[in-house]
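Listed here are the chains, written in short residue letters.
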Amino acid sequence: MNATTPLPPRKDDTYAVVMELRAALAEHGITLPSLGRDFGAPPLVILGNCNTATARALTQALRDG
């Protein structure tokens with residue numbers, strides 16, 4: 001999934017959390033390509049894999065936050 005691919009709506013708030021996280025990361029120029037929702041119970045947010053440049057950008061955003 002990319003930043004413009006919507007996730008299917010769900011009864012829990014995991015979908016909203018994923019979309020909020022995606023938007024917050026985008027504000028820092030960060031995209032986690034495999035960011036999504038796990039369909040198990042309880043629902044989890046999948047952060048997935050990223051390259052080292054993205055990991056560094058995420059680390060810096062957290063430190064600057």
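Residues numbered from 1 in each chain as written. Predicted model: local features only at pLDDT ≥ 70, side-chain atom pairs only at ≥ 80, totals over all residues. Heavy atoms only, no water.

The subject of this paragraph is the overall build of the protein. Within the protein, the regular secondary structure consists of 2 helices and 2 strands. Secondary structure elements in the protein, listed N-terminal to C-terminal, are α-β-β-α. Within the protein, the proportion of its 65 residues that are buried is 18%. In the protein, of all internal contacts separated by at least 6 residues, the share reaching a separation of at least 24 is 36%. Of the accessible surface of the protein, which amounts to about 4600 Å², a share of 59% is contributed by carbon and sulfur atoms. (Helix = DSSP H or I, 4+ residues; strand = E, 2+ residues; numbered from the N terminus. Buried < 20%, exposed > 50% of the residue type's maximum accessible area, 1.4 Å probe, protein only. Contact = heavy atoms within 4.5 Å. Areas by Shrake-Rupley, 256 points an atom, 1.4 Å probe, with all protein chains shown as cover.)

Position of Thr54 among the secondary structure elements: in helix α2 (residues 52-64). When residues no more than four places from it in sequence are discounted, the contact partners of Thr54 are Ile30, Thr31 and Leu32.

This brings us to the nonpolar core. As a rule of thumb, nonpolar side chains are buried together in soluble globular proteins. By size, the foremost hydrophobic cluster in this structure holds 6 residues: Val18, Leu25, Ile30, Leu32, Leu35 and Ala61. Beyond its immediate sequence surroundings of up to four residues, Leu32 is in contact with Leu25, Leu47, Cys50 and Thr54. (Core = buried A, V, L, I, M, F, W, Y, C linked by side-chain atoms within 4.5 Å.)

What follows is about the environment of Arg37. Structurally, Arg37 is set in strand β1 (residues 36-37). With relative accessibility at 11%, the residue Arg37 sits in the buried group. As for Arg37 and Tyr15, which are separated by 22 residues in sequence, their C-alpha atoms are 6.7 Å apart.

Here the focus is α2. The end-to-end C-alpha separation of α2 is 18 Å, in line with the 18 Å expected for 13 residues at 1.5 Å each. For α2, the N-terminal cap is Asn51; the gap from its side-chain oxygen to the backbone nitrogen of Ala53 is 3.2 Å. (Expected span 1.5 Å × (residues − 1). Polar contact = N/O pair within 3.5 Å; in protein donor to acceptor, adjacent residues only side chain to side chain.)

Before going further, it helps to spend a moment on unusual backbone geometry. Omega for the peptide link from Ala41 to Pro42 comes to 0°, which places this bond in the cis form. Relative to the helices and strands, Pro42 resides in the loop between β1 and β2 (45-46).

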